[in-house]
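Overview (structure and organization)
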Amino acid sequence: MSDLTAFIAGLPKAELHVHHVGSASPRIVAELAARHEGSSPVPADPELLTKYFEFRDFAHFIEIYLSVVDLIRDAEDVRLLTYEIGRELSRQRVRYAELTVTPYSSVRRGIPAPAFCEAIEDARTGARRDFGIDLAWCFDIPGEAGLASAEETLRIALDERPEGLISFGLGGPEIGVPRPQFKPYFDQARAAGLHSVPHAGETTGPETIWDAIRELGAERIGHGIAAAQDERLMAYLAEHQIPLEVCPTSNLRTRAVTDLAEHPIGKLVAAGVPVSVNSDDPPMFGTTLEQEYAVAARLLGLDSAGVADLARNAVRHSFRSADGKARLLAEIDSYAAGQG
Ligand SMILES: O=c1[nH]cnc2c1ncn2[C@@H]1O[C@H](CO)[C@@H](O)[C@H]1O
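Heads up: these notes are all about the structure in this document. Keep in mind that what you see is a predicted model, and the values were worked out from it rather than measured.

**Points about the overall build of the protein**
When its secondary structure is counted, the protein shows 16 helices and eight strands. The globule rule puts the C-alpha radius of gyration for 340 residues at 20 Å, and the 19 Å found for the protein is close to it. Looking at the protein as a whole, 59% of its 340 residues qualify as buried. A sequence separation of at least 24 residues applies to 73% of the contacts in the protein between residues at least 6 apart. When the accessible surface of the protein is summed, it comes to about 13,200 Å², and 50% of that surface belongs to carbon and sulfur atoms. Seen as two clouds, the 33 positive and the 50 negative side-chain charges of the protein have centres 3 Å apart.

**Some words on the pairing of strand 2 (residues 94-101)**
Within strand 2, eight of the eight residues are buried, which leaves the element mostly enclosed by the surrounding structure. The pairing of strand 2 with strand 3 (residues 134-142) spans six bridges and is parallel. Within strand 3, the residue paired with alanine 97 across the bridge is leucine 135.

**Here's the deal with the pattern of salt bridges**
As enumerated under the stated definition, the model contains 23 salt bridges in all. As a salt-bridge pair, arginine 27 and glutamate 31 come within 3.8 Å of each other at their nearest N and O atoms. Highlighted residues: arginine 27 and glutamate 31, both in helix 2 (residues 26-35), separated by four residues, approximately one helical turn. According to the relative accessible area criterion, arginine 27 is partly exposed, its value standing at 34%. Using a relative accessible area of 34% as the deciding quantity, one classes glutamate 31 as partly exposed. Several salt bridges converge on common partners, so that one network encompasses Arg27, Glu31, Glu84, Arg87 and Glu88.

**Examining the packing of helix 1 (residues 3-10) against helix 15 (residues 304-317)**
Interaxial distance between helix 1 and helix 15 falls to 10 Å at its minimum, and their mutual angle equals 25 degrees. By the angle class used here, helix 1 and helix 15 are roughly parallel. Our pair here, helix 1 against helix 15, has a crossing hand that is right-handed. Where helix 1 abuts helix 15, its residues Leu4, Phe7 and Ile8 lie against Ser304, Val307 and Ala308. Residues that form the contact of helix 1 with helix 15 fall into these classes: five nonpolar, one polar and no charged.

**Things to note about the packing of aromatic side chains**
On inspection of all chains with the given rule, the structure shows eleven aromatic pairs. On the basis of an interplanar angle of 40 degrees and a centroid distance of 5.1 Å, the ring pair of phenylalanine 7 and tyrosine 335 is categorised as tilted. Taken together, the residues phenylalanine 7 in helix 1 and tyrosine 335 in helix 16 (residues 322-339) connect sequence positions 328 residues apart. Note on accessibility: phenylalanine 7 and tyrosine 335 belong to one class, buried. A ring pair is formed by phenylalanine 55 and phenylalanine 61, whose centres lie 5.1 Å apart and whose planes are at 80 degrees; its orientation type is edge-to-face. Residues phenylalanine 55 and phenylalanine 61 agree in their burial class; the two are buried. One aromatic cluster in this structure is built from Tyr52, Phe53, Phe55, Phe58, Phe61, Tyr65 and Phe285. Here the guanidinium or amino end of arginine 79 rests over the ring plane of tyrosine 83, the centre of that ring lying 5.9 Å away.

**Brief notes about helix 10 (residues 206-214)**
Because each turn of an α-helix spans 3.6 residues, side chains separated by three or four positions in sequence point in the same direction. Along helix 10, the residues that are buried comprise Pro206, Thr208, Ile209, Trp210, Ala212 and Ile213. Buried residues along helix 10 sit against strand 5 (195-200), strand 6 (221-223) and helix 11 (231-239).

**Description of the environment of arginine 255**
Relative to the elements of secondary structure, arginine 255 occurs in the loop between helix 12 (248-253) and helix 13 (265-270). Owing to a relative accessible area of 55%, arginine 255 belongs among the exposed residues under this scheme. In this structure the C-alpha to C-alpha distance between arginine 255 and phenylalanine 61, which are 194 residues apart in sequence, comes to 9.9 Å. With residues near it in sequence (within four places) discarded, arginine 255 still touches Phe55, Arg56 and Asp57.

**Details of the packing of helix 15 against helix 16**
Think of two packed helices as two axes; the pair is described by the angle between the axes and how far apart they sit. Where helix 15 contacts helix 16, the axes come no closer than 10 Å and their chain directions differ by 175 degrees. On the basis of their axis angle, the class for helix 15 and helix 16 is roughly antiparallel. Between helix 15 and helix 16, the residues in contact are Ala308, Ala311, Arg312, Val315 and Arg316 and Lys325, Leu328, Leu329, Ile332, Asp333 and Ala336, respectively. Of the residues assigned to the contact of helix 15 with helix 16, the class counts are seven nonpolar, no polar and four charged.

**Remarks on the site of the ligand**
Lining the immediate environment of the ligand, one finds 16 residues, of which His19, Thr102, Asp140, Glu144 and Asp281 sit closest. In this structure, an oxygen atom belonging to the ligand sits 2.7 Å away from a side-chain N or O atom of glutamate 144. Note that a nitrogen atom of the ligand is positioned 2.8 Å from one of the backbone N or O atoms of glycine 172. Here the ligand, which alone exposes 410 Å², has 100% of that area covered by the protein. Of the residues forming the shell around the ligand, the biggest block, four residues, is contributed by helix 4 (residues 58-69).

Basis of the calculations
- Residues numbered from 1 in each chain as written.
- Predicted model: local features only at pLDDT ≥ 70, side-chain atom pairs only at ≥ 80, totals over all residues.
- Heavy atoms only, no water.
- Helix = DSSP H or I, 4+ residues; strand = E, 2+ residues; numbered from the N terminus.
- Rg over C-alpha atoms; globule rule 2.2 N^0.38 Å.
- Buried < 20%, exposed > 50% of the residue type's maximum accessible area, 1.4 Å probe, protein only.
- Contact = heavy atoms within 4.5 Å.
- Areas by Shrake-Rupley, 256 points an atom, 1.4 Å probe, with all protein chains shown as cover.
- Lys, Arg positive; Asp, Glu negative; His and termini not counted.
- Charge placed at Lys NZ, Arg CZ, Asp CG, Glu CD.
- Pairing = 2+ DSSP bridges.
- Salt bridge = Lys/Arg side-chain N within 4 Å of Asp/Glu carboxyl O.
- Axes fitted to C-alpha atoms, helices over the stretch in contact; angles between N-to-C directions.
- Parallel < 35°, antiparallel > 145°, perpendicular 65-115°, else oblique.
- Left-handed = near helix turned anticlockwise from the far one by under 90°.
- Nonpolar A, V, L, I, M, F, W, Y, C, P; charged D, E, K, R; others polar.
- Phe/Tyr/Trp six-rings, centres within 6.5 Å; stacked < 30°, edge-to-face > 60°.
- Lys NZ or Arg CZ within 6 Å of the ring centre and 35° of its normal.
- Near = heavy atom within 4 Å.
- Polar contact = N/O pair within 3.5 Å; in protein donor to acceptor, adjacent residues only side chain to side chain.

Here you go:
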């Protein structure tokens, strides 16, 4: 292990962009597949699963993603998945994670919304107790499912209002799914006190990010790497301190970028755009948050002090309470000082 790898492994971290089902590790998938044996195309064997997670393009990724979603069939699956994600994140010294959860997919599959929310809340409590990690929820609209899914996601968010819910998002494909149509749902979610965190500029250009800001009131942008194509937008993000949740390996694996060396994170940082580094769907992309920090360190030429700053960015950009932020920042400071 290099010094920097060891430093990253021990560094207390916050994760701001990680999808719920997309975090199902081979171990969790095998457990879920075993619970519903013989009725899913998702292989339980880790080697076959690695092959299954090779994506031709973004559309293929979404197709595979939804086949894993289909493994989540009852409230106990939801609880197990969520609790185990807490365990695996805490092993990487993640202290706080905002998990993007798509209740619409599970409710449509027959899990009642109250049971779904109870299951994630039960896992949140258990993960805090057993692993010392704080989880929070971003409920996202699966864009490909259209306005009906927006309506339903909003209804679940407002009617159930689980304690860990802090933000409202929009995921899935961007091509053919214009952001402005979701404005009324974001307006209502924001009026109810939820933060606005749509995906934008992952698979389409800067205009989608402008739409997310102007129409959806985005306070942070999921991915947002297309901002690098627009100087005015980068200046705007810097001036208004609208952070991007950057997930480098995800962009490579869905073929949003052809080569990590061409990833725009360096250009964004140089323009003063606030960024954090995140893992998106780590097992599906063959990565971990620790590896994403290592990739970012390489692309940005960071030493351990620079990596600690990246971890501080994630805390500062998070929607955690001021108290919780201060505690985690202090933990990072004391870790960095002890290693220095
Ligand atoms: O990188 C990503 N971009 C967009 N959506 C994603 C990504 N990873 C997982 N999802 C998930 O895809 C589902 C279908 O819309 C949603 O559940 C969304 O959260």
